[in-house]
Amino acid sequence: MSARVAGFGFLALAAIALLALVPRLGNAYYLALAISLLQYTVLATAWGMFSGPTRYVSLATTAFFGVGAYTVAVLGEILPWPLVLLIAAALGAVVAAIVGLSTLRLSGVYFVIFTFGLTELIRQLVVWFEVNKSRVLGRYVFVDITQADIYWQLLGLAAAVFLLGWLIARSRLGFALRVIGEDETVAKHCGINTTFAKVALFTISATVMTLVGAIMAPRWTYIEPSIAFNSMISFQVLIMALLGGAHRLWGPVLGAVPLTLLFELLSARFPNTFTIILGCIFLLIVYMLPRGVAGLFEKRSTTPGGKTTQRVAA
Amino acid sequence: MSQDTATRVLEVEGLRRAFGGLVAVNDLGFAVGQGEIMGLLGPNGSGKTTALNLISGVLHPDAGAIRLMGRNIAGLASYRIARLGLARTFQLVRVLDGMDCRENIKAGLAFQKPHLPAAEAEDRIDALLDRVGLAGHDRRPAADLTYIDRKRLELARALAAKPQLLLLDEWLAGLNPSELTIGIELIRSLKADGITIVLVEHVMSAVRALCDRCIVMSSGRKIAEGATADVLSDAAVVKAYLGGVAADA
Ligand SMILES: Nc1ncnc2c1ncn2[C@@H]1O[C@H](COP(=O)(O)OP(=O)(O)OP(=O)(O)O)[C@@H](O)[C@H]1O
Ligand SMILES: [Mg+2]
């Protein structure tokens, strides 16, 4: 077992070392594509870390991404870069904890709607603040961060997320989340503080998303709320994670990579009908691959959704 | 039968819970002594499951006190109540379908404080699989189990926490006669281990075989209480059951 883990860890390190060489290729197009791939890989994996085991569908990805990006827009020129990232992460965590505490008692569809509304709410708050208080709508981001820096930071974050996800999956918290995903009532009767477990993971996942937003922000030289809080990101990440399979740590990446490439292609070719195509892809995935690509690799599948096999006493 | 306060595991007083205009549990009171099996009977819809939901914290009472080993647990979150030594099964059996039998039982003990050392936890899981008759099935997904095996697994999960008080909601329902005999023996062996049990049951032969005392509910109220044989021959009880479930299953 531990030999397997060591072998796997070695492979992972080798892969990271190889991937770290991408900026050395000196091709700006490939680097930009690689950044997109990493961005969505990290976002989708972070999404799956929470939504996979708990089966709560969150559309708040954009909200946290935007908080991160906007933090950079406001503080990027004033403070040293590591401190900016730290503040962004802290802000994301605080927002996530508050949102989690107030909404994770809700179930299912209410949570989806709330998280979608949250993005709009935060965006409007930022707009209101900028217009009425700071009297600027839109800010220039002049920080000394190159595309290669962005790439390396995302790569580091990706490695950290996979390591963290792996550790959580092996922990008592990870097991608790799986039990919650199976049956929340049973989870409570097993002594699981379900609210704490859900808020904790939601916060971890949101902090990662916030960091992605912060790291990506220097890519734009000009940021305004509609750029930072683009709700398309929430939907794209959701589709990627579902395509890959959110019930496995390595699932979302299987969706993030092909779909990022596809979206890249489609948004360039069909800028106007892009969202319609996105919707169709989403429907196809849900119908054809209910357990995602990861489900195809699993030897045997237990009944999806599980509860259908329940029999009722006479 | 009077109970010394010190040996009371569960004490319920003035318990009430309404759903809109329907009072599902109305001024319910009873006590269960250490090691006792208390039957909770009554026709369909009389409030038995609601009473268990109130005691285990799924629902919060509108009024009343619930004391578990002297401590008032009314309104406490169900995970806290679980950690205080209460475990239960559900009328519609609930197992974790996406997990195997071993993990299902592990769920029952992994979140109790203090945490067990891993090796000890594994041993306890093995012992429980054995005890409920699922030895050798430990890696089998719960979704693949037969109805009775799902019930067994659910009971094993409840027992994993070594509860002081166990609430069984029609755990014997739907079993065939030979399974019923095994089930009754199993519950009897729990009593021998000193576990206190509240047993909601329609199967009268099981009630007679297992319960030290019974209370009977009708429309949310307690209409009878006493030694099992006395309660089952009580005129008011027989009347409450008429037109309800068969008096013997
Ligand atoms: N969550 C709920 N919301 C509304 N009404 C409820 C709820 N739970 C139970 N009731 C109602 O409360 C009454 C008591 O139900 P309960 O399930 O406690 O009965 P029971 O004695 O367990 O019956 P059975 O023998 O059929 O299991 C019923 O009329 C039921 O419809
Ligand atoms: Mg019931």
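Remember, predicted model here, so these are calculated numbers, not experimental data. (Residues numbered from 1 in each chain as written. Chains lettered and ligands numbered in written order. Predicted model: local features only at pLDDT ≥ 70, side-chain atom pairs only at ≥ 80, totals over all residues. Heavy atoms only, no water.)

Description of the overall build of chain A
Part 1 of the reasoning: Of regular secondary structure, chain A possesses 14 helices and two strands.
Part 2 of the reasoning: Computed over its C-alpha atoms, the radius of gyration of chain A comes to 20 Å, within 12% of the 20 Å expected for a compact globule of 314 residues.
Part 3 of the reasoning: Counting only C-alpha atoms and orienting by the principal axes, one finds that chain A spans roughly 70 × 45 × 40 Å.
Part 4 of the reasoning: Residue burial in chain A is summarised as follows: out of 314 residues, 46% are buried. (Helix = DSSP H or I, 4+ residues; strand = E, 2+ residues; numbered from the N terminus. Rg over C-alpha atoms; globule rule 2.2 N^0.38 Å. Buried < 20%, exposed > 50% of the residue type's maximum accessible area, 1.4 Å probe, protein only.)

Some details on the domain arrangement of chain B
Residues and elements named next belong to chain B.
Part 1 of the reasoning: Here chain B is described as being made up of domain 1 (8–85 + 163–241) and domain 2 (95–149).
Part 2 of the reasoning: Computed over C-alpha atoms, the centres of domain 1 and domain 2 are 25 Å apart.
Part 3 of the reasoning: Across the contact, ten residues belong to domain 1 and seven residues belong to domain 2.
Part 4 of the reasoning: When domain 1 packs against domain 2, the two sides together hide about 720 Å² of surface, and 48% of this comes from carbon and sulfur.
Part 5 of the reasoning: By the criterion of area lost to domain 2, the three top residues of domain 1 are Arg83, Glu179 and Leu186, representing 54% of everything that side buries.
Part 6 of the reasoning: Seen at the junction of domain 1 and domain 2, the total is one salt bridge.
Part 7 of the reasoning: Counting every contact that joins domain 1 to domain 2 gives four residue pairs in polar contact (both at pLDDT 80 or more).
Part 8 of the reasoning: Where the side of domain 1 that touches domain 2 is concerned, the elements lending two or more residues are α2 (78–83) and α6 (177–192).
Part 9 of the reasoning: Top element by residues in the side of domain 1 that touches domain 2 is α6. It accounts for four residues.
Part 10 of the reasoning: When grouped by side-chain class, the residues that make up the side of domain 1 that touches domain 2 number five nonpolar, two polar and three charged. (Domains from an automatic or database assignment. Contact = heavy atoms within 4.5 Å. Buried area = accessible area lost by both parts, 1.4 Å probe. Salt bridge = Lys/Arg side-chain N within 4 Å of Asp/Glu carboxyl O. Polar contact = N/O pair within 3.5 Å; in protein donor to acceptor, adjacent residues only side chain to side chain. Nonpolar A, V, L, I, M, F, W, Y, C, P; charged D, E, K, R; others polar.)

A few points about the packing of helix α2 (residues 28–54) of chain A against helix α6 (residues 147–170) of chain A
Residue and element names in this part refer to chain A.
Part 1 of the reasoning: Packing of α2 against α6 brings their axes to within 9 Å, and their N-to-C directions diverge by 25°. Viewed along their axes, α2 and α6 adopt a mutual orientation that is roughly parallel. Here α2 and α6 pass one another in a crossing that is left-handed.
Part 2 of the reasoning: The residue inventory of the contact of α2 with α6, partitioned by class, reads 17 nonpolar, five polar and no charged. (Axes fitted to C-alpha atoms, helices over the stretch in contact; angles between N-to-C directions. Parallel < 35°, antiparallel > 145°, perpendicular 65-115°, else oblique. Left-handed = near helix turned anticlockwise from the far one by under 90°.)

Thoughts on the site of ligand 1
Residues and elements named next belong to chain B.
Part 1 of the reasoning: Around ligand 1 lies a shell of 14 residues, among which Gly45, Lys48, Thr49, Thr50 and Gln91 are the nearest.
Part 2 of the reasoning: Gly45 places a main-chain nitrogen or oxygen 2.8 Å from an oxygen atom of ligand 1.
Part 3 of the reasoning: Between ligand 1 and Thr50 there is a distance of 2.5 Å, counted from an oxygen atom to a side-chain nitrogen or oxygen.
Part 4 of the reasoning: Calculation on ligand 1 without its partners gives an accessible area of 630 Å², and the protein chains cover 63% of this total.
Part 5 of the reasoning: Among the secondary structure elements, those contributing two or more residues to the shell around ligand 1 are β2 (22–33) and α1 (48–56). (Near = heavy atom within 4 Å. Areas by Shrake-Rupley, 256 points an atom, 1.4 Å probe, with all protein chains shown as cover.)

Quick notes on the pattern of salt bridges
Part 1 of the reasoning: Under the counting rule described, the total for this entry stands at 22 salt bridges over all chains.
Part 2 of the reasoning: A cluster of three or more residues bridged by salt bridges with shared partners is formed by Arg8, Glu11, Glu13 and Arg67 of chain B.

Some thoughts on unusual backbone geometry
Part 1 of the reasoning: With an omega dihedral of -5°, the bond running from Lys113 of chain B to Pro114 of chain B counts as a cis peptide bond.
Part 2 of the reasoning: Phi angles above zero are rare outside glycine, and Arg135 of chain A is one such case at about 55°.
Part 3 of the reasoning: Classification of Arg135 of chain A by relative accessible area gives exposed; the value is 65%.
Part 4 of the reasoning: Non-glycine residue Met69 of chain B carries a positive phi angle of around 50°.
Part 5 of the reasoning: Within the secondary structure layout, Met69 of chain B lies in the loop between β4 (63–68) and β5 (71–72).
Part 6 of the reasoning: On the accessibility criterion, Met69 of chain B (39% relative accessible area) is partly exposed.

Considerations on the coordination of the magnesium ion (ligand 2)
Residue and element names in this part refer to chain B.
Part 1 of the reasoning: Those protein atoms acting as donors to the magnesium ion (ligand 2) are Thr49 (OG1) and Gln91 (OE1), and they sit at 1.9 to 2.1 Å. Here Thr49, found in helix α1, pairs with Gln91, found in the loop between β6 (86–88) and α3 (101–109); they are 42 residues apart in sequence, far enough to count as distant.
Part 2 of the reasoning: A relative accessible area of 24% means that Thr49 is categorised as partly exposed. (Donors = N, O, S within 2.8 Å, 3.2 Å for Na, K, Ca; no water.)

Things to note about the confidence of the model for chain A
All names here are of chain A.
Part 1 of the reasoning: Scored by pLDDT, chain A comes out at a mean of 87, with 93% of its residues at no less than 70.
Part 2 of the reasoning: Averaged pLDDT values over the elements of chain A bottom out at 70 in helix α14 (residues 292–297) and peak at 96 in helix α9 (residues 194–216).
Part 3 of the reasoning: Ignoring residues within four places in sequence, the model shows residues 299–314, a span with pLDDT below 50, making 26 contacts including any to other chains. (pLDDT = per-residue confidence, 0-100.)

A word on the confidence of the model for chain B
Part 1 of the reasoning: Across chain B, the average pLDDT comes to 91, with 94% of residues at 70 or higher.
Part 2 of the reasoning: Taken over the whole predicted complex, pTM reads 0.85, whereas the ipTM for its chain interfaces reads 0.90.

Observations concerning the environment of Ser178 of chain B
Part 1 of the reasoning: Secondary-structure assignment places Ser178 of chain B in helix α6.
Part 2 of the reasoning: Along the backbone, Ser178 of chain B and Ala82 of chain B are 96 residues apart, and their C-alpha atoms lie at a distance of 32 Å.

Here we look at the pairing of strand β9 (residues 213–218) of chain B
All names here are of chain B.
Part 1 of the reasoning: Among the six residues in β9, six count as buried, and that is most of the element.
Part 2 of the reasoning: In β9, alternate side chains face the same way, and those of Arg213, Ile215 and Met217 on one face and Cys214, Val216 and Ser218 on the other are all buried.
Part 3 of the reasoning: As paired strands, strand β3 (residues 37–41) and β9 are joined by four bridges and run parallel to one another. For Leu40, the partnering residue across the bridge sits in β9 and is Ile215. (Pairing = 2+ DSSP bridges.)

What to know about the pairing of β3 of chain B
Residues and elements named next belong to chain B.
Part 1 of the reasoning: The buried fraction of β3 amounts to five of the five residues, a majority that puts the element mostly inside the structure.
Part 2 of the reasoning: Of the two faces of β3, both are covered, the one formed by Ile37, Gly39 and Leu41 as well as the one formed by Met38 and Leu40.
Part 3 of the reasoning: With four bridges joining them, β3 and strand β8 (residues 196–200) adopt parallel strand pairing. Looking across to β8, one finds that Leu40 is bridged to Val200.

Details of the interface of chain A and chain B
Part 1 of the reasoning: Across the boundary between the two partners, chain A contributes 25 residues, which contact 30 residues of chain B.
Part 2 of the reasoning: Of all residues in chain A, the largest losses of buried area upon contact with chain B belong to Arg172, Phe175 and His189 of chain A, amounting jointly to 24% of the total for that side.
Part 3 of the reasoning: Put simply, Arg94 of chain B and Asp183 of chain A hold a salt bridge, and the shortest N to O gap is 2.7 Å.
Part 4 of the reasoning: When residues of the side of chain A that touches chain B are assigned to their parent elements, the largest contribution, six residues, is made by helix α7 (residues 172–182) of chain A.
Part 5 of the reasoning: By residue class, the composition of the side of chain A that touches chain B is eight nonpolar, nine polar and eight charged.

Structural notes on the sheet that holds β4 of chain B
All names here are of chain B.
Part 1 of the reasoning: Read across the open sheet, the four strands follow the order β2-β1-β4-β5; overall the sheet is antiparallel. Each end of this open sheet is capped by a strand with a single partner; those strands are β2 and β5.
Part 2 of the reasoning: Across five bridges, the pairing between strand β1 (residues 8–19) and β4 is antiparallel. Looking at β4, one finds that Arg16 is bridged to Ala63.

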